[in-house]
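# Coordinate inspection notes
The lines below spell out each chain.
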Amino acid sequence: MTILECRDLRKTYLSGETQVHALDGVSIAFERGEFCAVTGASGSGKSTLLHVLSSLEYPTSGQVLYNGKDLFAYRDAQLSVLRRRRFGFVFQAYNLVAELTGEENILLPVMLDRKKPDEVYLKKITEALGIGDRLRHLPSAMSGGQQQRIAIARALANHPQLLFADEPTGNLDAQSGREVLSLLKYVSREFGVTLILVTHDLHVAEQADRILTLADGKIIRDTKAQAQA
């Protein structure tokens, strides 16, 4: 079943007097529970696509449909609530609040939504990510891999249906990167989350169910990957 779809997405920037077509007529659909990697050379439009799909940026034209509804038909306040409740975000820079413990960082989306934390669910997440012993520590007392795991737990805290990850292993050493990627795959399957991950690393992309390759703002290849267990 399709959860997210874009139709004829275009995103144009002005660079001096030159128009740059970061997205040039992209149409694609994503299924529930799918793990899709978006790859391509620097400047191909992959991060722009992620930002527009997740409503962090508006397209110049085209539609993004979430459960059949146009994201950009929502008012800004409605869109903010939708992002907080249905979307999770993991970035290369972990974006943790330095003054908050791991647990407090994880609970931020829940607190912002003024909801009571689901203790059973949150325990399941932290156990799956192997960060139970890091919850009382500040980010400065954690390794990069541990900080990224906290960031993943935060992204999952509100039971999102979609998880957007932009180069989530880019700041990590090879071993930590493999561990984080394995955990992202696991939580996508365990919690039924659709995972859309941007990466320049083909070894990372090959772990996905599906690979989209972009060049000059267009999808030039859409293939099923030979995912490794």
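Read on for a plain summary of the structure. This one's a predicted model, so the numbers in the text were calculated from it and none came from an experiment.

### A closer look at the pairing of strand β7 (residues 162-166)
- Of all five residues making up β7, five are buried, and the element is well covered by its neighbours.
- Side chains L162, F164 and D166 project from β7 onto one buried face, and the interleaved L163 and A165 project onto a second face that is buried too.
- Relative to β7, strand β6 (residues 87-91) is paired through five bridges, and the arrangement is parallel. Looking at β7, one finds that F87 is bridged to L162.
- Judged from the five bridges that link them, β7 and strand β8 (residues 194-198) form a sheet pairing that is parallel. Residue pairing for β8: L163 is matched across the bridge by L195.

### Considerations on unusual backbone geometry
- The phi dihedral of S55 is positive, around 70 degrees, even though this residue is not glycine.
- Relative to the helices and strands, S55 resides in the loop between α1 (46-53) and β4 (61-66).
- According to the relative accessible area criterion, S55 is buried, its value standing at 2%.
- Despite not being glycine, E167 has its phi angle at roughly 50 degrees, a positive value.
- Mapping E167 onto the fold places it in the loop between β7 and α6 (174-191).

### Looking at the sheet that holds strand β2 (residues 18-31)
- Reading across from one edge, β2-β1-β4-β5 is the order of the four strands in this open sheet, with antiparallel pairing throughout. Two strands lie at the open edges of the sheet, namely β2 and β5 (69-70), each paired on one side alone.
- Bridging between β4 and β5 involves two bridges; their strand directions are antiparallel. From the neighbouring strand, Y66 faces β5, where its bridge partner is K69.

### Quick notes on the packing of aromatic side chains
- Per the stated rule, a full pass over the model turns up six aromatic pairs.
- Ring geometry for F89 against F91: centres 6.1 Å apart, planes inclined by 10 degrees, an arrangement best described as stacked.
- For F89, a relative accessible area of 18% translates into the label buried.
- On the basis of relative accessible area, F91 is assigned to the partly exposed category, the value being 24%.
- Look at Y121 and F191: their rings are 5.7 Å apart centre to centre, the planes differ by 80 degrees, and that puts the pair in the edge-to-face class.

Conventions and cut-offs
Every residue gets a number counted from 1 within its own chain, in the order that chain's sequence is written. Only residues with pLDDT of 70 or above have their local features reported here, since the model is predicted, and side-chain atom pairs are shown and tallied only from 80 upward, although totals for entire chains, interfaces and linings are computed over all residues. Values reported for side chains reflect all heavy atoms of the structure, with hydrogen atoms and water molecules removed beforehand. Relative accessible area decides the class of each residue, using a 1.4 Å probe on protein chains only: under 20% of the type maximum gives buried, over 50% gives exposed, and in between gives partly exposed. Each helix is a run of DSSP H or I of at least 4 residues and each strand a run of E of at least 2, with the numbering of both proceeding from the N terminus. At least two DSSP bridges between two strands are needed for those strands to be called paired. Two rings from Phe, Tyr or Trp (for Trp, the six-membered ring) form a pair when their centres are within 6.5 Å of each other. A pair whose planes differ by under 30 degrees is stacked, one over 60 is edge-to-face, and the rest are tilted.

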